[in-house]
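# Summary of the model geometry
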Amino acid sequence: MKNTHQELYMEHANVWAVVLAGGEGTRVRSFLQEVCGGSGLKQFSTVFGNRSMLRCTLDRITRLIPAERVLVIVGSQHRDEAEKQLAGWPRQNIIYQPKNCDTAPGILLPVAHITNRDPQATVMVFPSDHFILDEERFLGAVKKALAELKKHSSKMILLGMAPQKGEETEYGYIVGAARMPMSEEVSPVAGFVEKPPLAQARELIQRGALWNTMIFAVENAVLWEMTQRASPSLYHAFRLIQTSLHDGRLSPRALEHIYEIIPSVNFSSAICEPLAAKLCVLPVPDIGWSDWGTAASILRTLKKLGRLDAIATRVAEKQQARRIWHSKRSGARRLLGSPTLGAGST
């Protein structure tokens, strides 16, 4: 018998989630503007169906963790769009960052809010731009990661996806301390390789390396400890934010000032890589996972789903509508500028 949402919520009563939705998605933005219209921000884009990538992510997560414990971080410059997408979401769980300083600040700002509310929290981090076909098996892997974290509470548990043929060079790899068999057991992490050339990628796959999803589970205290060791200045900046939240002294201007002086820090390269010994990876078999960071990855998924022709038709219709609009606009301008119209209108 399947667990109800309420039973799962009780089972993971101290688990909080952070959803990263603060990026600009520059590599794919113009493509998504063409396909979806609007701003082209991938987290807010609805490629097919009636839900954006962000809404799909939230709907997936809230099958395990209630909305009251899911914090979404977005850029303050996208507040209007975020409020439309997150209507009905707990307002205290929508965290606006003054600017995008890469993934480490993007994680630590909501974690500061979580720490203020629940210092003993277990934290899970999810990007908002991942497509996942088999959500049941994905959620099973998330539950497995949380169970493994109870056994390895001083570690961070990363989800590592099984690499797929034809996409070997598109993602970074997690390399195990020993050859990692495709099982459901966690393995120690030795290091990371970021988007290698094909020959190296194939060699890594032979050694059992897995794609780095940047989906992970970690105890709150361990995350702070790792940040302090790897980036002391960032640690002190966000601890200041956390204590200011606790004391009720964090004004928007104070947060902006802190963001003006902190550097951009990538969580994977600056925090995880130097502290690989603190990490374990949980292998996840093929579940139809894709990080939609490029037009190629989106088109590949659409082709697998049999939706490529429908998307191509939609784009062609939009292009035709634009051509008609521009033609009518040009005709109107010519008409308004004609001598005959000018004489007849006096």
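Before reading on, note that the structure itself is shown above.
A short tour of the structure in this document, coming up. (Residues numbered from 1 in each chain as written. Predicted model: local features only at pLDDT ≥ 70, side-chain atom pairs only at ≥ 80, totals over all residues. Heavy atoms only, no water.)

Here the focus is the overall build of the protein chain. Looking only at helices and strands, one finds 14 helices and 11 strands in the protein chain. Entry remark: accessible area of the protein chain is about 16,400 Å², with carbon and sulfur atoms responsible for 53%. (Helix = DSSP H or I, 4+ residues; strand = E, 2+ residues; numbered from the N terminus. Areas by Shrake-Rupley, 256 points an atom, 1.4 Å probe, with all protein chains shown as cover.)

Below, the discussion takes up the layout of surface pockets. In this structure, the largest pocket spans a volume of roughly 1,100 Å³. Every residue lining the largest pocket is counted, 40 residues in all, and those nearest its centre are Arg 27, Lys 42, Thr 103, Asp 129 and Asp 291. Every element with two or more residues in the lining of the largest pocket is listed here: β1 (15-21), α5 (103-117), β8 (187-193), β9 (210-219), α11 (267-272) and β11 (289-291). Ranked by the residues each element gives to the lining of the largest pocket, the list is headed by β9, at three residues. Looking at the lining of the largest pocket residue by residue, the classes come out as 10 nonpolar, 20 polar and 10 charged. Looking at the second largest pocket, its volume works out to about 310 Å³. Listing elements by their share of the lining of the second largest pocket, those giving two or more residues are β3 (94-97) and α10 (252-261). The element that contributes the greatest number of residues to the lining of the second largest pocket is β3, accounting for four residues. Residues belonging to the lining of the second largest pocket are distributed by class as follows: seven nonpolar, five polar and two charged. (1 Å grid on protein atoms, 1.4 Å probe; cavity = no way out; pocket = protein on both sides within 12 Å on 5 of 7 lines; lining within 4 Å. Points joined across faces, edges and corners; volume = space filled by probe spheres on them. Nonpolar A, V, L, I, M, F, W, Y, C, P; charged D, E, K, R; others polar.)

With six of its six residues buried, strand β6 (residues 156-161) lies for the most part within the structure. Summarising the sheet, β6 and β9 pair through five bridges and their orientation is antiparallel. Its bridge partner lying in β9, Met 161 is registered against Trp 211. Of the strand pairs in this sheet, β6 and strand β10 (residues 279-284) are connected by six bridges, and their pairing is parallel. Across the sheet, Leu 158 pairs through a bridge with Val 281, a residue of β10. (Buried < 20%, exposed > 50% of the residue type's maximum accessible area, 1.4 Å probe, protein only. Pairing = 2+ DSSP bridges.)

This paragraph deals with the nonpolar core. Formed by 49 residues in total, the largest nonpolar core has its most connected members in Val 72 and Phe 138. At seven residues, helix α6 (residues 135-151) tops the list of elements feeding residues into this core. Filtering out sequence-adjacent residues up to four positions away, Phe 138 remains in contact with Arg 60, Phe 126, Ile 132, Leu 159, Met 161, Ile 215 and Ile 287. (Core = buried A, V, L, I, M, F, W, Y, C linked by side-chain atoms within 4.5 Å. Contact = heavy atoms within 4.5 Å.)

A separate point is the environment of Pro 90. Along the chain, Pro 90 falls in the loop between α4 (79-85) and β3. Taking the relative accessible area as the measure of exposure, Pro 90 reaches 16% and is therefore buried. As for Pro 90 and Leu 71, which are separated by 19 residues in sequence, their C-alpha atoms are 8.8 Å apart. With residues near it in sequence (within four places) discarded, Pro 90 still touches Ala 67 and Glu 68.

On to the packing of aromatic side chains. Evaluation of the coordinates by the stated rule reveals nine aromatic pairs. With a centroid separation of 5.3 Å and an interplanar angle of 5 degrees, the aromatic rings of Phe 216 and Phe 267 are classed as stacked. One end of the pair, Phe 216, is in strand β9; the other, Phe 267, is in helix α11, and 51 residues separate them in sequence. Judged by its relative accessible area of 0%, Phe 216 is buried. One aromatic cluster is present, built from ring pairs that chain together Phe 48, Phe 131 and Trp 292. A cation over an aromatic ring shows up here: Arg 60 above the ring of Phe 138, its NZ or CZ 6.0 Å from the ring centre. (Phe/Tyr/Trp six-rings, centres within 6.5 Å; stacked < 30°, edge-to-face > 60°. Lys NZ or Arg CZ within 6 Å of the ring centre and 35° of its normal.)

What follows deals with helix α9 (residues 232-247). In an α-helix, one turn spans 3.6 residues, which is why side chains three or four residues apart end up on the same side. Over its 16 residues, α9 runs 22 Å from end to end, which matches the ideal 22 Å to within 8%, given 1.5 Å per residue. Listed as buried for α9 are Leu 234, Tyr 235, Ala 237, Phe 238, Ile 241, Gln 242, Ser 244 and Leu 245. Among the structural elements, α5, α8 (220-230) and α10 are those in contact with the buried residues of α9. Positioned one or two residues after α9, Gly 248 has a phi angle of 75 degrees, which is positive. (Expected span 1.5 Å × (residues − 1).)

Right, let's get into the pairing of β8. Within β8, five of the seven residues are buried, which leaves the element mostly enclosed by the surrounding structure. Sheet topology note: the strand β7 (residues 173-176)/β8 ladder contains four bridges and is antiparallel. Within the sheet, the bridge partner assigned to Tyr 173 lies in β8 and is Val 193. Pairing of β8 with β10, which is carried by two bridges, proceeds in the antiparallel orientation. Residue Ser 187 lies in a different strand from β10, and its bridge partner there is Val 281.

The quantities given are spatial measurements derived from coordinates; they are silent on function.
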